[in-house]
Amino acid sequence: MNSQKYCSIDLELTGFDPSKNEIIEVGFVIFTMTKSGPKISKRWSQVFKPSGSVHTKILGLTGISQKELDTAPLFSEHREFLQEALKDVVLVGHGVSLDVRFLEGFGVSITQPVVDTLELAQWLLPTQGGYNLENLMHTLKLKHKEAHRALADSIATIKLLEVLLRIYRSLPEKLQKDIYNRSLRAQFPWTDLLQIPLKPKKLEITSVTLKTKLNKTTKPLPQKCLVAVPLGREAEELWLNSIAQNPETSFIVLPNKAQVIRLWQQGFGEAIFEPEDILDLKKLKSLQKRGDLSLDETKFLFKLLVWQATNWQTASLVDLNLSFFGGQFKYLVNGGKQSFRLTSHIGLTDHKTFLSLKQSKQLKARRLVISDVLSMHDRIAASSGSRVGWGQIIAVLRSIYNPETNTGYIKHQERILEMLAATDLFFGLVLLELSKLKADVILDKVDLVSNDYEYNLIYRASKNYIKKLQKHNLIIKNSGITKIVRNLEKFFIESGNDVQWVEFGQKHCVFITQALDIAPYMRKALSGFAKQAFFDASSFLPVSDYFLGRLGLEGLIKATLPIKFKSNSIEVQYKNLDLVNQLTKYLGVENVPALVLVSNEAEAKEVYNNQFEQLSKYAHIFAQGYSGGGTKIFRNFSIRPNSVLISSSSFMTKAQVPELQVKTVYIPALSSTKSNHPYIKALSLEYPDTNALSVEQIFDLALLVRIFDLVSTNKLKNLFIYGKNDGVTKLFLGFLASLSGLKIRNNKVLST
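Overview of the structure.

**Remarks on the sheet that holds strand β2 (residues 23-34)**
Taken in spatial order, the five strands line up as β3-β2-β1-β4-β5 in an open sheet, and their pairing is mixed. A strand with exactly one partner marks an edge of an open sheet, and here the two such strands are β3 (37-47) and β5 (114-116). Pairwise comparison of adjacent strand axes, ignoring direction, gives a mean angle of 25° for this sheet. Bridge count between β2 and β3: 10 bridges; the pairing is antiparallel.

**Considering the pairing of strand β1 (residues 6-13)**
Of all eight residues in β1, eight are buried, a share of seventy percent or more. Two elements, β1 and strand β4 (residues 90-93), share three bridges in a ladder whose sense is parallel. Residue pairing in the sheet places cysteine 7 in a bridge with leucine 91 of β4.

**As for the side chain of serine 684**
In this fold, serine 684 is placed in helix α27 (residues 678-686). Relative accessible area serves as the criterion here: at 18%, serine 684 is assigned to the buried category. At a separation of 2.8 Å, a polar atom in the side chain of serine 684 contacts the main-chain carbonyl oxygen of isoleucine 680. Ignoring sequence-local partners within four residues, the contact set of serine 684 consists of Val695 and Glu696.

**As for the pattern of salt bridges**
Under the counting rule described, the total for this entry stands at 19 salt bridges. Because the salt bridges share partners, they merge into one network encompassing Lys257, Glu274, Glu276, Asp277, Lys330 and Lys352.

**Notes on the packing of helix α5 (residues 117-124) against helix α7 (residues 150-169)**
At a minimum axis separation of 10 Å, α5 and α7 run at an interaxial angle of 35°. Handedness of the α5/α7 crossing: left-handed. Between α5 and α7, the residues in contact are Thr117, Leu120, Ala121, Trp123 and Leu124 and Thr157, Leu160, Leu161, Leu164, Ile167 and Tyr168, respectively. Of the residues contributing to the contact of α5 with α7, the split by class is nine nonpolar, two polar and no charged.

**Things to note about unusual backbone geometry**
Note that the residue after valine 592, namely proline 593, is joined by a cis bond; omega there is 0°. On the secondary structure map, proline 593 appears in the loop between α23 (579-586) and β20 (594-598). We note that lysine 141 has phi near 60°; this positive angle belongs to a residue other than glycine. By relative accessible area, lysine 141 is classed as exposed at 75%. Even without being a glycine, lysine 477 presents a positive backbone phi close to 55°. Relative accessible area serves as the criterion here: at 66%, lysine 477 is assigned to the exposed category.

Rules used throughout
Residues numbered from 1 in each chain as written. Predicted model: local features only at pLDDT ≥ 70, side-chain atom pairs only at ≥ 80, totals over all residues. Heavy atoms only, no water. Pairing = 2+ DSSP bridges. Helix = DSSP H or I, 4+ residues; strand = E, 2+ residues; numbered from the N terminus. Axes fitted to C-alpha atoms, helices over the stretch in contact; angles between N-to-C directions. Buried < 20%, exposed > 50% of the residue type's maximum accessible area, 1.4 Å probe, protein only. Polar contact = N/O pair within 3.5 Å; in protein donor to acceptor, adjacent residues only side chain to side chain. Contact = heavy atoms within 4.5 Å. Salt bridge = Lys/Arg side-chain N within 4 Å of Asp/Glu carboxyl O. Left-handed = near helix turned anticlockwise from the far one by under 90°. Nonpolar A, V, L, I, M, F, W, Y, C, P; charged D, E, K, R; others polar.

It is worth stressing that arrangement in space is one thing and function is another; only the former is reported here.
Following this line, the structure appears as structure tokens:
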């Protein structure tokens, strides 16, 4: 029996900086861990009065009321008690490093070992979608009441720790021993916990068997065709199965890798990924043999070994979650051989991988099926040019050596430090010069060049910066740095077919080059595929024809599939309301769960701040900029039954969003305002407006299509269009009514 006392602790805070923010609640639980599970000996929690006001988002996140804060004692009154209570215990917490920083910042000395369940979860649950506490509790089916209250989160962390240790005990004995011995050498604080003989909890491994059956009576599609399909995952499964039943062998290209991995796992077909997403077994064995692994590299190795032992497939790294931790070490094990020898009736890949594929006779003999013309358009447009930005460069350099954690290639420490300093200096100078031009967050290169002094200064600075990168990369030989140099040089080279601009903000700056004519890139990707089918939800001609024309896909035969799609009827209402101040007037308990689309993050925050008090009476509220990053906010929204999500369309389309089960969607009325974006302006000049739709409106409509594709249209009952009606609303509703699988009710609005 392990007699060591542990203390699960959680703090609720007003922010993330101990020098500026405060502790408003502490909760802890003292326990021991036995072979039958945790034994709790003490629970304690206390709310503390802050010296300043607490933002609405904190009250919303924690559930702490202003009244509780106003009547609470000061933290300083309990400092000595906490110091004594935490003596002689091993601290346990989820993402606990922030809690430790605040405790130390407020005078509580922490010298004991600290176990972070976030670190354990990252390697024991290698394919988990998100690692925040609420998400993990939901995945593992553990009860978690009053999430984001300090004591409740402390208790939840103990439950999580127990399950994680049980998962460890379910691993193959040889792997358990290897992980324990490596943990012992690395002196990880959780090492003693690995020895507790808890009852194993085995992870489920999904078996893969093909589900579809061929139907020889199914008529083949025309040689080159366009097929209109409904939005949503349910419709996707129907048309995919229809393709799978066709006697023709097919190669299906989907918008993202998550879709490909899901269908592969379901046994729908075999997947092809880029070499950067394929495991190289020789490199993994080499990593295992190394005796000089850093602490982070050791945890990364644990993640890979557990993944190998528990996952349904071990060829592709795509379903390995490296977004929060491990991405910086991916290069140590990727680069496996790409195989085009498909044995199944269906081959699968994503848009990005498809555009990078080399010539393959076996693939080109299949029927090519490209899903989502709009997304393919965006992918080709992006791949036709280049992006190089401040944050991207910092990430590449830190993947080689990270000075904050002292991990990576120590031999390159001085070179990386010099390049990091040069990077900050260069982009700092760029932002300074751009600020003098009083430009918005996006600046056309044409406008930048017209300011001779500022442009020449930035250009000369880029030349000096590039020389420094090249000098150090002669020794480091990193392909990422080579690509950065090439893309930065490209921005300062004139090209008649390219549109170039700079996107910038506080500590943010990106140089972007993008081709105006993207049809040649599409033709190159399609070369050799005799049979082509394009599946898309947009059958509204001005939108569909525009994107097909941009891709050089005119003249496709329109075809249908021999299946019946479920249709859903939704009620449409138009309200000329001020969303920031009047949302709750039209969003009652009967409308949740609801999605509220706004223009940008600032508006999302404004709506949240103004409407929180009323909305929080009957719904959980999640808002862009306040409720975590893309993965966290959408997953947490999806697991809360009565929730309201406030987000911009662009934020949603950039994140990996699960299908949203919502009853009501609120969208802004489509504007006829001309866009100032350099790329849209260039397209507007190149392609004249058609059928009363400008290029701006076509792109806005396309964005809304993607949003509706993320919403389960079978669950959707209400659509509210808000804002000033400037005459474009009727066009949008006509577009919406044209989408397969949706029936619009409310003729009065349609005739507005």
